[in-house]
Amino acid sequence: MISFETRPDRRLLTQALRRTLRRSLRLFTLCGFILLLPAAVALLTDDPLVAVGWLAGAVVFWALPALVVRSAVQASWKGYGIPIAWQFSDAGVRMDSALMESLIRWEALESVEPIPGQLLLKVNRQQVVPVPVAGLTPVERETLAGFLRGRGLLPEGAAITA
């Protein structure tokens, strides 16, 4: 069993949610660029007012990723903005805080993605549990990585970094 406690870190939670939502966020950005096409056509047809409308739509789509991530962090902060005790054992991953206790059984996880300072426990494509590991020593991180590799959740050669 591997046990440790994490302190709240809004920056790490923001990075985890940005990584989890990256496909959707890229679509918003792409839609903003697509809206530049009708704006250009409107300018070429000497209709600047319509072009400004299309350009305003593009700006809205470009602003959406930041707003979505900010909203997701605010919604998640109640659960992740407090100290959390983590236990990795044969039963699964236990998360224990003043507000909740939960156990994610290994069968529920598709994979584990290491990103700087944390692990993303992937239940599915859009459902992820971020586990901050920045406070672990290199030996503890390697022990945890070996444990996860043994479960087939962490690819060979993938490292857990601070």
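Residues numbered from 1 in each chain as written. Predicted model: local features only at pLDDT ≥ 70, side-chain atom pairs only at ≥ 80, totals over all residues. Heavy atoms only, no water.

A.B. asks: Help me understand the sheet that holds strand β5 (residues 111-115) in this model?
C.D. replies: Each strand in a sheet pairs with its neighbour through backbone hydrogen bonds, running either in the same direction (parallel) or in the opposite one (antiparallel). Pairing in this open sheet of 3 strands is antiparallel, and the strands run β5-β6-β7 from one edge to the other. One side of each edge strand has no neighbouring strand; the edge strands of this open sheet are β5 and β7 (128-132). Within this sheet the neighbouring strands show an average axis-to-axis angle of 20°, counted without direction. The sheet contact formed by β5 and strand β6 (residues 118-122) spans 5 bridges and is antiparallel. Residue E113 lies in a different strand from β6, and its bridge partner there is L120. Its contacts with the sheet put helix α1 (residues 10-20) on β5, β6 and β7, and the angle it makes with β6 is roughly 40°. (Pairing = 2+ DSSP bridges. Helix = DSSP H or I, 4+ residues; strand = E, 2+ residues; numbered from the N terminus. Axes fitted to C-alpha atoms, helices over the stretch in contact; angles between N-to-C directions. Contact = heavy atoms within 4.5 Å.)

A.B. asks: I'm lost on the pairing of strand β2 (residues 84-88) in this one. Help?
C.D. replies: Side chains of β2 alternate between two faces, with I84, W86 and F88 buried and A85 and Q87 left unburied. In this structure, strand β1 (residues 2-6) lies alongside β2, joined through 5 bridges in antiparallel fashion. Considered in β2, the bridge of F4 is made with W86. (Buried < 20%, exposed > 50% of the residue type's maximum accessible area, 1.4 Å probe, protein only.)

A.B. asks: Would you take a moment to explain the sheet that holds strand β3 (residues 92-96) for this structure?
C.D. replies: The sheet built from 4 strands is open, its strands ordered β1-β2-β3-β4 with antiparallel pairing. Every interior strand has two partners, whereas the edge strands, β1 and β4 (101-105), have only one. Direction aside, the axes of adjacent strands within the sheet are offset by 15° on average. Of the pairings in the sheet, the one linking β3 to β4 comprises 5 bridges and is antiparallel in character. Opposite V93, over in β4, you have I104 as the bridge partner. Sitting on the sheet, helix α5 (residues 138-150) touches β1 and β2, and the angle it makes with β1 is about 120°.

A.B. asks: Mind showing me how you'd approach α5 here?
C.D. replies: One turn of the α-helix equals 3.6 residues, which is why residues spaced by three or four share an orientation. The first and last C-alpha atoms of α5 sit 18 Å apart over 13 residues, in line with the 18 Å expected at 1.5 Å per residue. In this structure, the buried side of α5 is in contact with β1, β2, β5 and β6. (Expected span 1.5 Å × (residues − 1).)

A.B. asks: Help me understand the side chain of S89 in this model?
C.D. replies: By secondary structure assignment, the location of S89 is in the loop between β2 and β3. Given the relative accessible area of 18%, S89 is considered buried. Leaving out residues up to four positions away in the same chain, S89 has contacts with M1, W106, F147 and R151.

A.B. asks: It is not clear to me how empty space enclosed by the protein should be interpreted in this structure. Could you clarify?
C.D. replies: It is the rolling of a water-molecule-sized probe over the atoms that shows where space remains empty. For the coordinates displayed, the defined rule picks out 1 cavity of 30 Å³ or more. Estimated volume of the largest cavity: approximately 100 Å³. In terms of lining, the largest cavity is formed by 13 residues, of which the most central are R7, P8, D9, Y80 and P132. At the level of secondary structure, the elements contributing two or more residues to the lining of the largest cavity comprise α1, α4 (48-80) and β7. (1 Å grid on protein atoms, 1.4 Å probe; cavity = no way out; pocket = protein on both sides within 12 Å on 5 of 7 lines; lining within 4 Å. Points joined across faces, edges and corners; volume = space filled by probe spheres on them.)

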